[in-house]
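A look at the structure
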Amino acid sequence: MHELSIARSIVREVEAALQDRPDVQVTVVRLRIGRLSGIVAPALEFGLSFVTEATRLDGARIEITEEPVAVWCSPCQATRTTDGPSVLCPVCDTPSADIRAGRGMQIVNIDLSEPTGVPRDLLEVADVS
Amino acid sequence: MCRDPEPGPAETLVLERNVLSANDARAGVLRERFQTAHTHVINVVSSPGSGKTSLLARLLGDLVGSGVRAAALVADCATDNDAVRLGACGAPVRQIVTDSQCHLEAGVIEDHLAAWSAEGLALRDIDVLVIENIGNLVCPAGFDLGEAERWVMLSVTEGEDKPLKYPAMFAGADLAVVTKVDLAGPCRFDRSTALAAIETVNPGVDIIETSAATGDGCDVLAARLRDAVLRLTEGRAASAAT
């Protein structure tokens, strides 16, 4: 259950990628989470809702795609996508130690909003009036 | 008052960045430091209560007794009880108290090596460094600590199907250690089912069956580490000769 620290890493990585873009806001974060990564999507979204506060990811929509597990099957001489977190070849049922996909956690891309030039807190004040 | 319609995305920025890239980079630096210092590092993971500390205390004692300069970093959410137990054999041991953190990261290892260094214990004075991770079969799986080997432990008091339930942890291990085999009878531990479960998620992985109480298998574990140290010592001699 370390989704909170993963969420912090995501914010750090995104902020690092935007260090030369001080005026943009992030509206969407697209993630690819491996089935064997040990990450639970709802817990990660919950963590992100906290750690994005007062960052440029505040309010951004989180889109998570699951990356299935793929293994190299030696008897079949083929890369096979397995069933769930299994490392068994779905064709011949042989277990494989050669995991080719499904362990990673990637930030695929992010959507950035138009720079408004107006600080957010001023916009909020205007909205209330 | 009308709200402005939500603006569409100005642009999509492709990142394709590994979330754990910062940890991976630090672990890579650590791995180079360990290789340069000829220190063999193992990262020991298991569920809580699998008997990591008891077994490692015995193992450290064996190593120290045979002249191997062993040391340990031991992590827990609270207390320094395990450091006290592991340090009984005289090996240098530091407790890492993680509070609520459920796994170790490479940066934490860097900090504790620096603290050791400030106390006068350099990495080159350690032949075997045992890192006892937090008892947790999920979270530590994704965090490389720069180790040469990852050991996963499974006690006979747990279910034989634990490797199937936590495949990421068992699939990533270099060695599976079955612990508390002296309790296999009372626990009605089905040995062949457990070994088959390990084999299913990590085909061909080395498996060593042990008991900290009777000492079964401890000599095999100690020999494995002594062999690793011997290989590193030969490497050190070779690099000194060039």
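Note that the structure is predicted; figures quoted are calculated from it, not measured.

The next subject is the overall build of chain B. Summing up its helical and strand segments, chain B has 8 helices and 8 strands in all. The principal-axis extents of the C-alpha atoms in chain B amount to approximately 80 × 55 × 35 Å. Looking at chain B residue by residue over its 242 residues, the buried ones come to 49%. Of the contacts formed within chain B by residues at least 6 apart in sequence, a portion of 74% connects residues at least 24 apart. Roughly 10600 Å² of accessible area belongs to chain B as shown, and the carbon and sulfur atoms make up 51% of that amount.

Moving on: the environment of A78(B). Structurally, A78(B) can be placed in the loop between β3 (70-76) and α3 (81-87). Between the C-alpha atoms of A78(B) and S239(B), which are 161 residues apart in sequence, the distance is 42 Å.

Attention now moves to helix α8 (residues 218-241) of chain B. All names here are of chain B. Helix length check: α8 (24 residues) gives 34 Å between terminal C-alpha atoms against 34 Å at 1.5 Å per residue, within 8%. Residues of α8 that are buried: C218, L221, A222, L225, A228 and V229. Those residues of α8 that are buried lie in contact with β2 (40-45), α2 (52-65), β5 (128-132), β6 (149-155), β7 (175-179) and β8 (206-209).

All names here are of chain B. Spatial ordering of the open sheet is given by β4-β3-β5-β2-β6-β7-β8, a layout of 7 strands whose pairing is parallel. Two strands lie at the open edges of the sheet, namely β4 (93-97) and β8, each paired on one side alone. In this sheet, adjacent strand axes meet at a mean angle of 20° when their direction is disregarded. Across 5 bridges, β3 lies against β4 in parallel orientation. When the bridges of β4 are listed, D76 appears paired with V97. Helix α7 (residues 191-201) contacts β6, β7 and β8 of the sheet and is inclined by roughly 150° relative to β8.

This next bit is on the pattern of salt bridges. Residues and elements named next belong to chain B. Counted under the stated rule, the structure contains 22 salt bridges over all chains. A salt bridge links R85 to D82; its shortest N-O distance comes to 3.4 Å. Of this pair, R85 and D82 both sit in helix α3, 3 residues apart, which is roughly one turn of the helix. When the shortest N-O distance is used, the salt bridge between E209 and R191 registers 2.7 Å. Of this pair, E209 sits in strand β8 while R191 sits in helix α7; the two residues are 18 residues apart in sequence, bridging distant segments of the chain.

This paragraph deals with the sheet that holds strand β5 (residues 99-101) of chain A. Residues and elements named next belong to chain A. Ordered by their spatial adjacency, 3 strands build an open sheet running β4-β3-β5, and the pairing between neighbours is antiparallel. Each of the sheet's edge strands pairs with one partner strand only, and the pair in question is β4 (78-81) and β5. Pairwise comparison of adjacent strand axes, ignoring direction, gives a mean angle of 35° for this sheet. Here 4 bridges tie strand β3 (residues 70-73) to β4, and the two strands are oriented antiparallel to one another. Its bridge partner being in β4, A70 is matched across the sheet by T81.

Attention now moves to the interface of chain B and chain A. Counting residues at the interface gives 33 residues for chain B, matched by 36 residues for chain A. It is L13(B), R17(B) and V19(B) that lose the most area in chain B upon contact with chain A, and together they represent 22% of the buried surface on that side. Inspection of the chain B/chain A interface yields 3 salt bridges. A salt bridge links R17(B) to E13(A); the nearest nitrogen and oxygen atoms lie 3.5 Å apart.

So, how was this worked out
- Residues numbered from 1 in each chain as written.
- Chains lettered and ligands numbered in written order.
- Predicted model: local features only at pLDDT ≥ 70, side-chain atom pairs only at ≥ 80, totals over all residues.
- Heavy atoms only, no water.
- Helix = DSSP H or I, 4+ residues; strand = E, 2+ residues; numbered from the N terminus.
- Buried < 20%, exposed > 50% of the residue type's maximum accessible area, 1.4 Å probe, protein only.
- Contact = heavy atoms within 4.5 Å.
- Areas by Shrake-Rupley, 256 points an atom, 1.4 Å probe, with all protein chains shown as cover.
- Expected span 1.5 Å × (residues − 1).
- Pairing = 2+ DSSP bridges.
- Axes fitted to C-alpha atoms, helices over the stretch in contact; angles between N-to-C directions.
- Salt bridge = Lys/Arg side-chain N within 4 Å of Asp/Glu carboxyl O.
- Buried area = accessible area lost by both parts, 1.4 Å probe.

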